[in-house]
Amino acid sequence: MAKNVLIAGENEELCDFLSNYAEKEGFNVKVICDIRDEEQRIIRECTLFKPDIILLSGSYADEDDECTHSTLMADVYSIVENKSNPDDLSLLSYPIDMTELSAVFDKHNENKTGFIKFDKSGMKIIAEGTEIPLQLNEYDALYCLSRNPNRVFSRSQLAYEVLGVDAPSGEKAIEDAVISLKEKIDGLSSKWSLKFLWGVGYKFEVL
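Remember, it's a predicted structure, so these values are computed and weren't measured experimentally.

Undergrad: Got a sec to walk through the side chain of Lys203? Specific residues and values, please.
TA: Residue placement: Lys203 occurs in strand E10 (residues 201-206). Within polar-contact distance, the side chain of Lys203 engages the side chain of Glu205 at 3.2 Å. Dropping the residues within four chain positions of it, Lys203 is found in contact with Leu145, Asn150, Arg151, Val152, Ser193, Leu194, Lys195 and Leu197.

Undergrad: Please give an account of the nonpolar core that cites residues and values.
TA: Leu55, Phe105, Ile125, Leu142 and Leu158 are the most contacted members of the largest nonpolar core, which has 41 residues in total. In terms of residue count, helix H5 (residues 136-146) provides more of this core than any other element does, six residues in total. Counting twelve residues, the second largest nonpolar core, distinct from the first, contains Leu6, Ala8, Cys46 and Phe49.

Undergrad: Before we move on, could you go through the sheet that holds strand E6 (residues 116-119) and cite the residues and values that matter?
TA: In space, the three strands of this open sheet follow the order E6-E7-E8, with antiparallel pairing throughout. Among the strands making up the open sheet, the edge pair consists of E6 and strand E8 (130-133). When strand polarity is set aside, the average angle formed by the axes of neighbouring strands in this sheet is 20 degrees.

Undergrad: Account for the packing of aromatic side chains, naming residues and giving values.
TA: Tallied over the entire structure, the rule returns seven aromatic pairs. Residues Phe27 and Phe105 carry aromatic rings whose centres are separated by 5.1 Å and whose planes lie at 80 degrees to one another, so their mutual orientation is edge-to-face. Taken together, the positions of Phe27 in the loop between helix H1 (12-24) and strand E2 (28-32) and Phe105 in helix H4 (residues 98-106) put the pair 78 residues apart, joining distant regions of the chain. By relative accessible area, which is 6% here, Phe27 ends up buried. Above the face of the Phe196 ring, Lys182 is positioned so that its terminal group lies 5.6 Å from the ring centre.

Undergrad: Explain the pattern of salt bridges residue by residue, including any values.
TA: For the structure shown, the criterion picks out ten salt bridges. A salt bridge links Glu131 to Lys124; the shortest N-O distance between them is 3.4 Å. Measuring nitrogen to oxygen at the nearest pair gives 2.9 Å for the salt bridge that ties Lys172 to Asp176. Separated by four residues within a single helix, Lys172 and Asp176 lie in helix H7 (residues 170-185), roughly one turn from each other. For Asp176, a relative accessible area of 37% corresponds to the partly exposed category. One salt-bridge network, in which partners are shared between bridges, spans Asp119, Lys124 and Glu131.

Undergrad: Which residues make up the pairing of E8, and what values do they have?
TA: For a regular strand, side-chain orientation follows a simple rule: the groups alternate between the two sheet faces. Bridge count between strand E7 (residues 124-127) and E8: four bridges; the pairing is antiparallel. Of the residues in E8, the one forming a bridge with Ile126 is Glu131. Turn length for the E7-E8 hairpin, with the two strands adjacent in sequence and antiparallel, is two residues, and the turn residue Glu128 shows positive phi of about 55 degrees.

Undergrad: Which residues make up empty space enclosed by the protein, and what are the values?
TA: All chains considered together, the criterion is met by one cavity of 30 Å³ or more. Computed from the structure, the largest cavity encloses a volume of approximately 40 Å³. Lining the largest cavity, in full, are Ile185, Asp186, Gly187, Leu188, Ser189, Trp192, Ser193 and Leu194. Here the element with the most residues in the lining of the largest cavity is strand E9 (residues 192-197); it accounts for three residues. Looking at the lining of the largest cavity residue by residue, the classes come out as four nonpolar, three polar and one charged.

Undergrad: Talk me through the environment of Tyr94; I want residue IDs and the actual numbers.
TA: Note that Tyr94 resides in strand E5 (residues 91-94). With relative accessibility at 33%, the residue Tyr94 sits in the partly exposed group. Between the C-alpha atom of Tyr94 and that of Phe204, which follows or precedes it by 110 residues, the distance is 31 Å.

About the cut-offs
Residues numbered from 1 in each chain as written. Predicted model: local features only at pLDDT ≥ 70, side-chain atom pairs only at ≥ 80, totals over all residues. Heavy atoms only, no water. Helix = DSSP H or I, 4+ residues; strand = E, 2+ residues; numbered from the N terminus. Polar contact = N/O pair within 3.5 Å; in protein donor to acceptor, adjacent residues only side chain to side chain. Contact = heavy atoms within 4.5 Å. Core = buried A, V, L, I, M, F, W, Y, C linked by side-chain atoms within 4.5 Å. Buried < 20%, exposed > 50% of the residue type's maximum accessible area, 1.4 Å probe, protein only. Pairing = 2+ DSSP bridges. Axes fitted to C-alpha atoms, helices over the stretch in contact; angles between N-to-C directions. Phe/Tyr/Trp six-rings, centres within 6.5 Å; stacked < 30°, edge-to-face > 60°. Lys NZ or Arg CZ within 6 Å of the ring centre and 35° of its normal. Salt bridge = Lys/Arg side-chain N within 4 Å of Asp/Glu carboxyl O. 1 Å grid on protein atoms, 1.4 Å probe; cavity = no way out; pocket = protein on both sides within 12 Å on 5 of 7 lines; lining within 4 Å. Points joined across faces, edges and corners; volume = space filled by probe spheres on them. Nonpolar A, V, L, I, M, F, W, Y, C, P; charged D, E, K, R; others polar.

Treat this as a map of the structure, not an account of what it does.
Okay, here's the thing in structure tokens:
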């Protein structure tokens, strides 16, 4: 069953980004994006929506205690500028650090394959006991595909997910990255594989 994410803040671009990210990861999303009655709305939504993850920013970042008291089952994160304590896992950096954000969702994500360990700081993966260094586009393409097992991505869809909408020559860059990636991981496992569907796209196939 899909899990729930409650996002609260005044920055529409940030709320939209977080909402889109959460939806792509397979979560149900509820967004509060204004500054009216922060505490009352948060408490009400925690009670009704029963979120598993709560992401707070702007003036809502001060409502973390109220959220914790309202729903003991949710993980509550405040998104802050100039994060002073890098070891405080309840705080997320702004601008968004994708490694931090991914870790939050990976904790709850029921679509994780569990076959591959990703290490973005070292730009490598560990799969079937083998450590494999990757280029950035290879890493991001595999991360996206493996987090959506058996889903087919067209070349343009994968280019959008990995490189964004305005990336020059994005589809060619993704095609090159996936070809190189397949050469590196082909044959590692009998449980999963990276598949080319000629004329259609790519998928991370789990047997």
